[in-house]
Amino acid sequence: MINAMVASSGLFFIEFLHFFGSLSLLYGRFVKDALTPPFYSDLLVDQIYQIGVKSIPLVFITALSTGMVITLQFGFGLEKFGGKLYVPKIVALSIIRELGPVFTSLMIAGRVGAGIASEVGSMKVTQQLDAIRALGTSEIKRIVVPRILALIITLPLLTAFANTFGILSGVVVGSSELGLDPTFFIAKVLQTVQIGDYVVGIAKTFFFALFIGLVGCYYGMNVTEGTRGVGIATTKSVVAGSILIVISDFFLTKLFWVFEK
């Protein structure tokens, strides 16, 4: 049994190294092709629409729910200790620095990351990637670059959108459920949130966008079991992307705190 555990741990470690090694190589190819002509702006615009505009309803619902829930939870919790007046400050900082960027990125990882993996995987299974290479064009430039760049452009904008409506939903709940004056709520938010807080939250999303795009494209381009493999790649893409977002959020938060001191 011990030998089996050791063998399993060793296999996991090897797969772990292979995953990050392959992801690093894909990132290198992405940077190289993104900086060299030709540039397919039409593909980029299409991906911005598919990834950004079509994700707005999902992000809107998530932001409203997040703002309402945490306002209610903090309000009822702090009311026991006479700290209800601190709710606007806590809600604003929580959304701006953490919940807005992370929840938005997780929703995009579920919707867009899965979509990228399934779409690219289907192209791999139907040999469309081979056809692109046969025509003398880089599949990285036509497939990977537009999707990752679109994520890098749209995810910060979606996060800013989510931050705004998350706080506004908090204002509504604070007024209707906690008896806080909306003017007081907004004044405390503006008084508490500094430009640095907003920059930190938005800056995280550039890393999250890169993780979502790279992971989705990597699993899609490495489908090996036909249509069944596409489903497996889609699942792995969502799981791996979400894990990378959650883990990297801790290190990014710590890193930004060091710079802010």
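All values derive from a computational prediction rather than experimental measurement.

Conventions and cut-offs
Residues numbered from 1 in each chain as written. Predicted model: local features only at pLDDT ≥ 70, side-chain atom pairs only at ≥ 80, totals over all residues. Heavy atoms only, no water. 1 Å grid on protein atoms, 1.4 Å probe; cavity = no way out; pocket = protein on both sides within 12 Å on 5 of 7 lines; lining within 4 Å. Points joined across faces, edges and corners; volume = space filled by probe spheres on them. Helix = DSSP H or I, 4+ residues; strand = E, 2+ residues; numbered from the N terminus. Nonpolar A, V, L, I, M, F, W, Y, C, P; charged D, E, K, R; others polar. pLDDT = per-residue confidence, 0-100. Contact = heavy atoms within 4.5 Å. Buried < 20%, exposed > 50% of the residue type's maximum accessible area, 1.4 Å probe, protein only. Arc of directions from axis to C-beta. Polar contact = N/O pair within 3.5 Å; in protein donor to acceptor, adjacent residues only side chain to side chain. Salt bridge = Lys/Arg side-chain N within 4 Å of Asp/Glu carboxyl O.

## Re the layout of surface pockets
Okay, step 1: Space inside the largest pocket adds up to approximately 700 Å³.
Okay, step 2: Looking at the largest pocket, it is lined by 21 residues, and the ones nearest its centre are Glu 15, Phe 19, Tyr 218, Tyr 219 and Lys 236.
Okay, step 3: Every element with two or more residues in the lining of the largest pocket is listed here: α1 (2-35), α8 (195-221) and α9 (226-260).
Okay, step 4: Counting residues per element, the lining of the largest pocket draws most heavily on α9, at 9 residues.
Okay, step 5: In the lining of the largest pocket, the residues fall into 14 nonpolar, 4 polar and 3 charged.

## Thoughts on the confidence of the model for the protein chain
Okay, step 1: Mean pLDDT for the protein chain: 88, with 95% of residues reaching 70 or above.
Okay, step 2: Between the elements of the protein chain, mean pLDDT differs from a low of 78, seen in α1, to a high of 93, seen in helix α6 (residues 139-176).

## Here we look at the environment of Phe 161
Okay, step 1: Structurally, the position occupied by Phe 161 is in helix α6.
Okay, step 2: With 105 residues separating them in the primary sequence, Phe 161 and Ile 56 have C-alpha atoms 8.5 Å apart.
Okay, step 3: Contact partners of Phe 161, with chain neighbours within four places excluded, come to Ile 56, Val 59 and Phe 60.

## Regarding empty space enclosed by the protein
Okay, step 1: As enumerated under the stated definition, the model contains 1 cavity of 30 Å³ or more in all.
Okay, step 2: Estimated volume of the largest cavity: approximately 60 Å³.
Okay, step 3: Considering the residues around the largest cavity, the lining is formed by Thr 62, Ala 63, Thr 66, Ile 95, Leu 99, Gly 100, Phe 103, Thr 104, Ala 162 and Gly 166.
Okay, step 4: For the lining of the largest cavity, the secondary structure elements donating two or more residues are α3 (56-79), α4 (87-125) and α6.
Okay, step 5: Take the lining of the largest cavity: its biggest share by element is 5 residues, from α4.
Okay, step 6: In the lining of the largest cavity, the residues fall into 5 nonpolar, 5 polar and no charged.

## Brief notes about helix α7 (residues 182-192)
Okay, step 1: Inspection of α7 places Phe 185, Val 189 and Thr 192 among the buried residues, and these make up the whole buried set. The buried residues of α7 occupy one face: seen down the axis, they fall within an arc of 75 degrees. Among the exposed residues of α7, those pointing more than 90 degrees away from its buried face are Thr 183 and Leu 190.
Okay, step 2: In this structure, the buried side of α7 is in contact with α3, α4, α6 and α8.
Okay, step 3: Its side-chain oxygen 3.2 Å from the backbone nitrogen of Thr 183, Asp 181 forms the N-cap of α7.

## Some words on the pattern of salt bridges
Okay, step 1: Evaluated as defined, the whole model comprises 7 salt bridges.
Okay, step 2: Of the charged contacts in the structure, one is a salt bridge between Asp 130 and Arg 133, with a shortest N-O distance of 2.3 Å. Of the two residues, Asp 130 and Arg 133 both sit in helix α5 (residues 128-134), 3 residues apart, roughly one turn of that helix.
Okay, step 3: Among the charged side chains, a salt-bridge network with shared partners connects Arg 29, Asp 130, Arg 133 and Glu 139.

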